[in-house]
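What the coordinates show
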Amino acid sequence: SNSSKQTSTNTVANEYKYYQESRFAIKKSYKLEENTMFIDAFRQNQTDGLELVSAYTCFQNAETQDPNYINVINIVVYKIDAPAEQTLAEYKRNLIANRFQCSNKTWNGLQGLEYSFKQDMGNVMLPTKAFYGYKGNKFYLIQIGALVDTDKKYNALLNSIKIL
C-alpha cells in the first residue's frame, strides 16, 4: 500500500516551513518574521567577509502580555569567508571575555557552541540560551530568551529545526 505511505510523508512535510535560501526548516508552530531591525542594524555596520543571509525573529505568546510566558526567538544565518574553525574559535574567545558560560556542542551535524547569558530587555534581564554553529560556510545562530524553563524551551526549539 504505497498510497498510505505517501500521505504520511506529506503530513510530516506540512509540519515544517522551509527557508531554502537559509538552508533550514522549522516547525510551523514557530511563526518566524523577518527581523528588519536587526537587518538594518547589520547593514549599517557591515563587516568584511561576513554576509547576512537572513534574520528571523518570533515573539511567542506575546498576546498574553505575561513575561513568564513570552519567548523571544532569534534565528540568524550568516555566510562567512574566513575558515569556519577560526571564526568559531574567535567567537568563543569573545564569549569567554564577556563571561558568558559556553561549551562546545555538535548539533544536527553542525560544529558549534552553546552558551547562555542574560539579555537586557529594559525592564527585565531575560535568561537566554543560544547555539552558534556552522555547516560549510554558513553559520547559524539560534537563540531563545525565556523567563521560565529556558533550557526546556531551548531544547524544544532545536528539536523543531532541520538543517537542509
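Residues numbered from 1 in each chain as written. Predicted model: local features only at pLDDT ≥ 70, side-chain atom pairs only at ≥ 80, totals over all residues. Heavy atoms only, no water.

Brief notes about helix H3 (residues 84-97)
Between its terminal C-alpha atoms H3 stretches 20 Å, which fits the 20 Å expected from 14 residues at 1.5 Å a residue. Among all positions of H3, only Ala84, Thr87, Leu88 and Leu95 are buried. Angularly, the buried residues of H3 cover 95° about the axis, an arc narrow enough to put them on a single face. Exposed and oriented more than 90 degrees from the buried face of H3 are Glu85, Arg93, Ile96 and Ala97. Tucked into the core, H3 has its buried residues touching strand E5 (71-80), strand E6 (101-107), strand E7 (110-120), strand E8 (125-135) and strand E9 (138-146). Looking at the residues trailing H3, positive phi occurs at arginine 99, about 60°. (Helix = DSSP H or I, 4+ residues; strand = E, 2+ residues; numbered from the N terminus. Expected span 1.5 Å × (residues − 1). Buried < 20%, exposed > 50% of the residue type's maximum accessible area, 1.4 Å probe, protein only. Arc of directions from axis to C-beta. Contact = heavy atoms within 4.5 Å.)

Brief notes about the confidence of the model for the chain
Averaged over all residues, the pLDDT of the chain is 90; the fraction at 70 or higher stands at 92%. The low-confidence segment residues 1-8 (pLDDT under 50) makes zero contacts with residues lying over four places distant or belonging to another chain. (pLDDT = per-residue confidence, 0-100.)

Points about the sheet that holds E8
Reading across from one edge, E3-E4-E5-E9-E8-E7-E6 is the order of the seven strands in this open sheet, with antiparallel pairing throughout. Strands with a single pairing partner mark the edges of an open sheet, and in this sheet they are strand E3 (33-34) and E6. One ladder, built from two bridges, connects E3 with strand E4 (residues 50-60); its direction is antiparallel. Its bridge partner lying in E4, glutamate 34 is registered against tyrosine 56. Across the sheet, helix H2 (residues 36-44) touches E3, E4 and E5, and the angle it forms with E4 is around 155°. The sheet strands contacting H3 are E5, E6, E7, E8 and E9, and the helix crosses E7 at an angle near 25°. (Pairing = 2+ DSSP bridges. Axes fitted to C-alpha atoms, helices over the stretch in contact; angles between N-to-C directions.)

A look at the layout of surface pockets
Estimates place the volume of the largest pocket at around 600 Å³. As for the largest pocket, its lining consists of 24 residues, of which Leu50, Tyr78, Tyr91, Asn94 and Tyr132 are closest to the centre. Counting only elements with at least two residues in the lining of the largest pocket, the list comes to H2, E5, H3, E7 and E9. Per element, the largest residue contribution to the lining of the largest pocket is six residues, and it comes from H3. If you add up the space inside the second largest pocket, you get close to 160 Å³. Split into classes, the residues belonging to the lining of the second largest pocket amount to seven nonpolar, one polar and no charged. (1 Å grid on protein atoms, 1.4 Å probe; cavity = no way out; pocket = protein on both sides within 12 Å on 5 of 7 lines; lining within 4 Å. Points joined across faces, edges and corners; volume = space filled by probe spheres on them. Nonpolar A, V, L, I, M, F, W, Y, C, P; charged D, E, K, R; others polar.)

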